[in-house]
2 protein chains.
Amino acid sequence: MKIDHGNLRALAAVVREGSFERAASALNVTPSAVSQRVKALEARMGRLLVQRTVPAVPTPDGQVLVQLAEQTALLEHDALDRLGLEGDAVPHASIAVAVNHDSLETWFMEAARLFAARSRATLDLQSEDQDHTAALLRNGSVMGAVTALADPVQGCRIHPLGSMRYVATCTPEFHARHFAQGVNARSLASAPVLVFNRKDALQARFARKVMGDVPWQPPVWWLPSSRAFVQATLDGLGWTMNPLPLINEALESGRLVPLRARATEDVPLYWQHWRVNSQAMEALTQSVLAAAGNLVRRR
Amino acid sequence: MKIDHGNLRALAAVVREGSFERAASALNVTPSAVSQRVKALEARMGRLLVQRTVPAVPTPDGQVLVQLAEQTALLEHDALDRLGLEGDAVPHASIAVAVNHDSLETWFMEAARLFAARSRATLDLQSEDQDHTAALLRNGSVMGAVTALADPVQGCRIHPLGSMRYVATCTPEFHARHFAQGVNARSLASAPVLVFNRKDALQARFARKVMGDVPWQPPVWWLPSSRAFVQATLDGLGWTMNPLPLINEALESGRLVPLRARATEDVPLYWQHWRVNSQAMEALTQSVLAAAGNLVRRR
């Protein structure tokens, strides 16, 4: 069976962009042309490849073909690049990567900088919680991910990166007001806590260590921004688990204090990427491993 | 017709948390108890109130009741707070608010700080593109929003906040390499550009001003983080529209330069919130208006 690569690219664009309209605009054709191409591919395969939801979601069969499309695009880019062609002759390639928020805000942009120096491809970054980036890898939305998942996703290579260290912190004033009697079930129940979003389980994990497995319903500030998160901690709105690289200075100057002696949690991170024999992916992996050098190493 | 407020709270929790399981955990009951409560409310109203999707989405009828639930919770909190009750006797209230990314990273946390000093309620912040926060207000997910929409959403009060100024910027080296022959259709087609996500239309708007309404498919770095965005501009990965408050220093020190003379775009922002006679909402509005004082005023 032969696959029409134009149709394949249309399918990949729909999944990447999330809708037939945006895919059409990205491919510079009409939405009905995109729709016809995807339908032709579905007829050829004899199965549904993408659910027409908002956003459009690939079926498991569709995922397989999206991965094929993305890998092919990367290999084409590699080959033309290696032929030494200039500028516009090499179609532009972009590698879709999922990165957890705190990595994106701390060490990952160094990886992007190193990658830009080594490759002509760009990165299509998606930001997710570290416990959820693996899902994007699995469903074919991205080719690589910084993830907390230690088990390789099927078809992927995995590299340990070290750990992101989190410290339960608050201002000295907040500590005096809420934790003067100790960090315990009673104080944790009433002290306001900052949580990134519904997927962020770090604070609850710390509370469970202290309190055991009892219901915990403190006042919560939901703050989906790493920068706002640190600012809110410094402003004394609540305590929270902050990534050490973002609060190192504040801890050293005494503007923030750890909640108690054992207040750190290390989250091991991994770089996982599809097994594709591509120079661009190899350059990206080297860049990620180099930039992750400042993460905490396990003994 | 009487409405059971326990059932109403269950519905609101499902919509807020996105699933029956998470709502159960937030309310500290079993998922089947949440399901029974929502079903009882649906039977009482004789219509479907929430779609059992992932995440759970309210129907238009459900939205009306979610708004009722959230407003009632806020009024209860106000009343008990006014009675001067201490600590745990006042049920904790949280106001759901949608804020565009760049506001959250710049001036909005000052509003949160002012609000924390005036109220015992916390904020449940959601981060969205400024052109899309109004949708969250409309579907009942949030009670207030910082939005680019100048028309009041039905049932909402609107306050103009001034404008966020964006400047098309890059490093001097990037400018010399890509724009030495001028900022035009040719240079914009090949110069890499940084874009926040698929909803970010600022760069395309600027390009259209320069090029007119022709297809534009430059190499794109997708970077869904304000901090990473500025870092990537400083690292010379591409040009982009940066919010002035985040790059003021870099412009003054010459680490970044504007792409050309007319390189700014002002995006007017508005604070919209449901009409609810609540002290907490009033305190929030005052805090937002005060913190927005540094935005650009229109003449």
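What counts, and where the lines are drawn
- Residues numbered from 1 in each chain as written.
- Chains lettered and ligands numbered in written order.
- Predicted model: local features only at pLDDT ≥ 70, side-chain atom pairs only at ≥ 80, totals over all residues.
- Heavy atoms only, no water.
- Buried < 20%, exposed > 50% of the residue type's maximum accessible area, 1.4 Å probe, protein only.
- Helix = DSSP H or I, 4+ residues; strand = E, 2+ residues; numbered from the N terminus.
- Contact = heavy atoms within 4.5 Å.
- Buried area = accessible area lost by both parts, 1.4 Å probe.
- Salt bridge = Lys/Arg side-chain N within 4 Å of Asp/Glu carboxyl O.
- Polar contact = N/O pair within 3.5 Å; in protein donor to acceptor, adjacent residues only side chain to side chain.
- Domains from an automatic or database assignment.
- Axes fitted to C-alpha atoms, helices over the stretch in contact; angles between N-to-C directions.
- Parallel < 35°, antiparallel > 145°, perpendicular 65-115°, else oblique.
- Left-handed = near helix turned anticlockwise from the far one by under 90°.
- Nonpolar A, V, L, I, M, F, W, Y, C, P; charged D, E, K, R; others polar.
- UniProt positions renumbered as here; feature names shortened; annotations may be inferred.
- Pairing = 2+ DSSP bridges.
- Phe/Tyr/Trp six-rings, centres within 6.5 Å; stacked < 30°, edge-to-face > 60°.
- Lys NZ or Arg CZ within 6 Å of the ring centre and 35° of its normal.
- Least-squares fit on C-alpha atoms with pLDDT ≥ 70 in both.
- Expected span 1.5 Å × (residues − 1).

An unreviewed UniProt entry annotates chain A as ArgP/LysG family DNA-binding transcriptional regulator of Bordetella genomosp. 2.

Caption draft 1: Focus on helix H11 (residues 226-234) of chain B. All of the buried residues along H11(B) are Ser226(B), Ala228(B), Phe229(B), Val230(B), Ala232(B) and Thr233(B). Downstream of H11(B) by one or two residues, Gly236(B) has phi in the positive range, about 80°.

Caption draft 2: Representation of the interface of chain B and chain A. With 40 residues of chain B in contact, the opposing surface of chain A contributes 40 residues. On the chain B side of the contact with chain A, Arg198(B), Trp221(B) and Arg227(B) bury the most area, a combined 21% of that side's loss. At the junction of chain B and chain A, the tally comes to six salt bridges. Across the pair Asp124(B) and Arg198(A) runs a salt bridge whose closest N-O atoms are separated by 2.9 Å. At the junction of chain B and chain A, the tally comes to 16 residue pairs in polar contact (both at pLDDT 80 or more).

Caption draft 3: The domain arrangement of chain A, seen in detail. What the domain assignment reports for chain A is domain 1 (1-92) and domain 2 (165-267). Distance between the C-alpha centres of domain 1 of chain A and domain 2 of chain A: 44 Å.

Caption draft 4: The arrangement of the pattern of salt bridges in detail. Residues and elements named next belong to chain A. Applying the stated criterion across every chain, the model contains 26 salt bridges over all chains. In this structure, Asp 124 engages Arg 16 in a salt bridge whose closest nitrogen and oxygen atoms are separated by 3.1 Å. Of the two residues, Asp 124 sits in strand S4 (residues 122-128) while Arg 16 sits in helix H1 (residues 5-17), which places them 108 residues apart along the sequence. For Asp 124, a relative accessible area of 0% translates into the label buried.

Caption draft 5: Inspection of the packing of H1(A) against helix H3 (residues 31-45) of chain A at higher detail. Residue and element names in this part refer to chain A. Relative to each other, H1 and H3 sit at 110°, their axes nearing to 8 Å. Classified by the angle their axes make, H1 and H3 are roughly perpendicular. As for how H1 packs across H3, the hand of that crossing is left-handed. In this structure, H1 uses Gly 6, Asn 7, Leu 8, Ala 10, Leu 11 and Val 14 to contact H3, whose residues at the interface are Val 34, Arg 37, Val 38, Ala 40 and Leu 41. Here the residues of the contact of H1 with H3 are counted per class, giving eight nonpolar, two polar and one charged.

Caption draft 6: Representation of the UniProt feature "domain: HTH lysR-type" (unreviewed entry) in chain A in the model. When the UniProt feature table is mapped onto this chain numbering, "domain: HTH lysR-type" (unreviewed entry) sits at residues 1-59 of chain A. Along residues 1-59 of chain A, the helical share is 61% and the strand share 7%, with 20 Å between the first and last C-alpha atoms.

Caption draft 7: Structural context of the pairing of strand S9 (residues 240-243) of chain B. Residues and elements named next belong to chain B. Side chains Thr 240 and Asn 242 project from S9 onto one buried face, and the interleaved Met 241 and Pro 243 project onto a second face that is buried too. Where strand S6 (residues 156-170) lies against S9, four bridges are found, and the strand directions are antiparallel. Pairing of Thr 169 across the sheet is with Thr 240, part of S9.

Caption draft 8: Seen up close, the packing of aromatic side chains. Here the structure, examined in full by the defined rule, presents twelve aromatic pairs over all chains. Taken together, a centroid distance of 5.6 Å and an interplanar angle of 65° make the contact between Trp107(B) and Phe108(B) edge-to-face. Judged by relative accessible area, Trp107(B) falls into the buried class, the value being 8%. For Phe108(B), a relative accessible area of 0% puts it in the buried group. The structure contains a cluster of three or more aromatic residues connected by ring pairs, namely Phe206(A), Trp216(A) and Trp239(A). Over the ring of Trp222(B) we find Arg198(B), and its NZ or CZ is 3.7 Å from the ring centre.

Caption draft 9: How the structure looks around the relation of the copies chain B and chain A. Once chain B has been moved 0.0 Å along the axis and rotated by 180°, it coincides with chain A to within an RMSD of 0.0 Å. Such a turn and shift between the copies fits a two-fold axis. Taking the C-alpha atom as reference, chain B places Arg227(B) closest to the rotation axis, 3.8 Å from it. The share of interface residues of chain B whose copies in chain A are also at the interface is 100%, consistent with both copies meeting through the same surface.

Caption draft 10: Representation of helix H4 (residues 60-82) of chain A in the model. All names here are of chain A. In a regular helix each residue adds 1.5 Å, so 23 residues correspond to 33 Å; H4 covers 33 Å between its end C-alpha atoms and thus fits that length. Those residues of H4 that fall on the buried side of the exposure criterion are Gly 62, Gln 63, Leu 65, Val 66, Ala 69, Glu 70, Thr 72, Leu 74, His 77 and Asp 78. A positive backbone phi angle near 75° is found at Gly 84, which sits one or two residues after H4.

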